[in-house]
Amino acid sequence: MKEKKQWMCFRKQVWIQLSVITIFILFGLDCAFRSSGDLRLYESYIPHENQTAAIKQGKVRVTFLGTTSILLDDGETQILTDGFFTRPSLWKTAFSKIESDQGIILSVLQKAKINHLKGIFVCHSHYDHVMDAPFVAKITNAKLYGSSSTINVGIGSGLNKENMELFQLGKPVKLGKFSVTVLESKHTPPFRILGKTNATDPNFPNISSPLSQPVKALDYIEGGTFDFLIQHGKNKILIKSSTNYVTGAFDKINVDVLFLGIAQYSLQPLSFQETYYNQTVKKLKPRLVIPIHWDNFFLPLAKPLEPNLRLGDDFDSNMNLLLQRTSKDQIQVLLLQGFESIDLF
Ligand SMILES: [Zn+2]
């Protein structure tokens, strides 16, 4: 009888402990899958402008299409970075193969009025940059520009060789009045989520053979990371997708507008945070900084953008760090919502 009582007591204790552990795990997961920021705090930085009137001659309009997909348009020529529109759910990305959704791509092209696109420049070959680019190229007949990894994604998607061009670092590509120079850059430092790292395996640094969908997200290998210096008339733009720098790369460059990757900015060591700002904003001296790669790309572009999940980022801290520094340097910051269009010049 005494033994039975002890056994019951033991079972009760184990049950209570398991329940507490489960509650902690569920609470932790709930926190991890919440947005890492509150956009309402940055209302004053969101222009809510959405330009739809015809673009005046000499002007350049930008439309933000989430992550690092940026459409530039001068009324005659459009150029685009990445063009990642499918944005598969977290569940799908983690547990199954992924593929481009032609219906979503077509609806984005229509909504963003992408109808005179001449070039797509891919920042690097992770899936959240490159996966839809060949399909956008196919539909619009624009040329796909990228690393050898990006070209292999293009070949795997059945894109014609004439519709692709390998990056030539430092050599400007002329498209209408735009001139695009590709600069070697670095990817955001590697991180680990749920035991998995996104670091590139040094034995497989590139996508070395044609990649055909559907494939696992991890099959998209970085294959080098690139920044784009874009000149239009006397105006200059720099697009930096990843939160990292090459020391001295911008020593001789000044721009008017900087699109700056801020993903995981505040998760880096203090010395990195300082050097990243010094090697980008301080060197380039833009009058306007537009943060990019801040939105949760597991959610559809058709819905209002939300900040990255707490699981891998801290949007509020990233913005606070950037705003502290830019306000000291008297540089304007604008945060664009999905499909938001503003005239840059
Ligand atoms: Zn990446």
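Preceding this paragraph is the structure being described.
Asker: A description of the sheet that holds strand 1 (residues 61–64) should follow, citing residues and the corresponding values.
Answerer: Taken in spatial order, the seven strands make up an open sheet running 6-5-4-3-2-1-16, and their pairing is mixed. Sheet topology places strand 6 (164–166) and strand 16 (341–343) at the edges, where each strand pairs with a single neighbour. For this sheet, the mean inter-axis angle between neighbouring strands, taken without regard to orientation, is 20°. Where strand 5 (residues 143–146) and strand 6 come together, three bridges link them in parallel fashion.

Asker: Which residues make up the nonpolar core, and what values go with them?
Answerer: Formed by 78 residues in total, the largest nonpolar core has its most connected members in Ile-70, Ile-120, Val-180 and Leu-258. Among residues more than four places away in sequence, those in contact with Val-180 are Ile-79, Gly-119, Phe-121, Pro-172, Val-173, Leu-175, Phe-228 and Ile-230.

Asker: Can you lay out the packing of helix 3 (residues 102–111) against helix 5 (residues 133–140) for me, pointing to particular residues and giving the numbers?
Answerer: Pairs of packed helices are described in terms of their axes, by the angle between the two and the distance that separates them. Contact geometry of helix 3 with helix 5 gives a least axis separation of 11 Å together with a crossing angle of 60°. It follows from the interaxial angle that helix 3 and helix 5 lie oblique. Considering the relative orientation of helix 3 and helix 5, their crossing is right-handed. Along its contact with helix 3, which presents Gln-102, Ile-105, Leu-106 and Leu-109, the element helix 5 presents Phe-135, Val-136, Ile-139 and Thr-140. Split into classes, the residues belonging to the contact of helix 3 with helix 5 amount to six nonpolar, two polar and no charged.

Asker: Tell me what's going on with the pairing of strand 2 (residues 70–73), and back it up with residues and numbers.
Answerer: Across the two faces of strand 2 the burial is the same, with Ile-70 and Leu-72 and Leu-71 and Asp-73 all buried. Sheet topology places strand 1 next to strand 2; four bridges connect them, and they run antiparallel. What sits directly across from Val-62, in strand 2, is Leu-72. Hairpin connection of strand 1 to strand 2: five residues between the antiparallel strands, including Gly-66 at a positive phi of 80°.

Asker: Now, about the sheet that holds strand 13 (residues 257–261): what can you tell me, with residues and values included?
Answerer: Taken in spatial order, the seven strands make up an open sheet running 7-8-11-12-13-14-15, and their pairing is mixed. The strands lining the two open edges of the sheet, one partner per strand, are strand 7 (173–175) and strand 15 (332–333). Pairing analysis gives five bridges linking strand 11 (residues 225–232) to strand 12 (residues 235–240), with the strands arranged antiparallel. The partner of Phe-228 across the bridge, within strand 12, is Ile-239. Helix-sheet contacts for helix 7 (residues 270–284) involve strand 12, strand 13 and strand 14 (288–292), and the interaxial angle to strand 13 is about 170°.

Asker: Please give an account of the environment of Thr-150 that cites residues and values.
Answerer: Mapped onto the elements of the fold, Thr-150 is located in helix 6 (residues 148–156). C-alpha of Thr-150 to C-alpha of Ile-98: the two residues are 52 residues apart in sequence and 17 Å apart in space. Those residues in contact with Thr-150, other than ones at most four positions away along the chain, are Val-122, Ser-125, Val-130, Ala-133, Leu-144 and Gly-223.

Asker: Could you give me a rundown of unusual backbone geometry, with the residues and numbers involved?
Answerer: The omega torsion of the bond from Gln-213 to Pro-214 falls at 0°, within 30 degrees of zero and hence cis. Along the polypeptide, Pro-214 turns up in the loop between strand 10 (196–197) and strand 11. With a phi close to 45°, Arg-87 is a non-glycine residue in the positive phi region. The topology assignment puts Arg-87 in the loop between strand 3 (78–81) and helix 2 (90–95). The phi dihedral of His-293 falls on the positive side, at around 60°, and the residue is not glycine. Within the secondary structure, His-293 is located in the loop between strand 14 and helix 8 (315–328).

About the criteria used
As a convention, each chain's residues are numbered from 1 in the sequence order in which they are written. With the structure being a predicted model, the display of local features is reserved for residues of pLDDT at least 70 and the display and counting of side-chain atom pairs for 80 or more, all residues being used for whole-chain, interface and lining totals. In this description, strands pair whenever DSSP reports at least two bridges between them. Under the scheme used here, helices are H or I runs from DSSP no shorter than 4 residues and strands are E runs no shorter than 2 residues, and both carry numbers assigned from the N terminus. Here an angle of 0 to 180 degrees is reported between the N-to-C directions of two axes, which are lines fitted to C-alpha atoms, with helices fitted over the stretch in contact. By our criterion, buried Ala, Val, Leu, Ile, Met, Phe, Trp, Tyr and Cys residues that link up through C-beta atoms within 7 Å make up a nonpolar core. The burial label depends on the number of other C-beta atoms within 10 Å of a residue's C-beta. Counts of 20 or more mean buried, 12 or fewer mean exposed, and intermediate counts mean partly exposed, with C-beta atoms placed from the backbone. C-beta atoms are placed from the backbone for every residue, and two residues are taken to be in contact when these atoms lie within 7 Å. Here is the rule for angles: anything less than 35 degrees is roughly parallel, anything more than 145 is roughly antiparallel, 65 through 115 is roughly perpendicular, and the remaining ranges are oblique. Two helices that cross are described as forming a left-handed crossing if the nearer one is turned anticlockwise from the farther one by less than a right angle, and a right-handed crossing if clockwise. Amino acid classes used here: Ala, Val, Leu, Ile, Met, Phe, Trp, Tyr, Cys and Pro are nonpolar; Asp, Glu, Lys and Arg are charged; the rest, including Gly, are polar.

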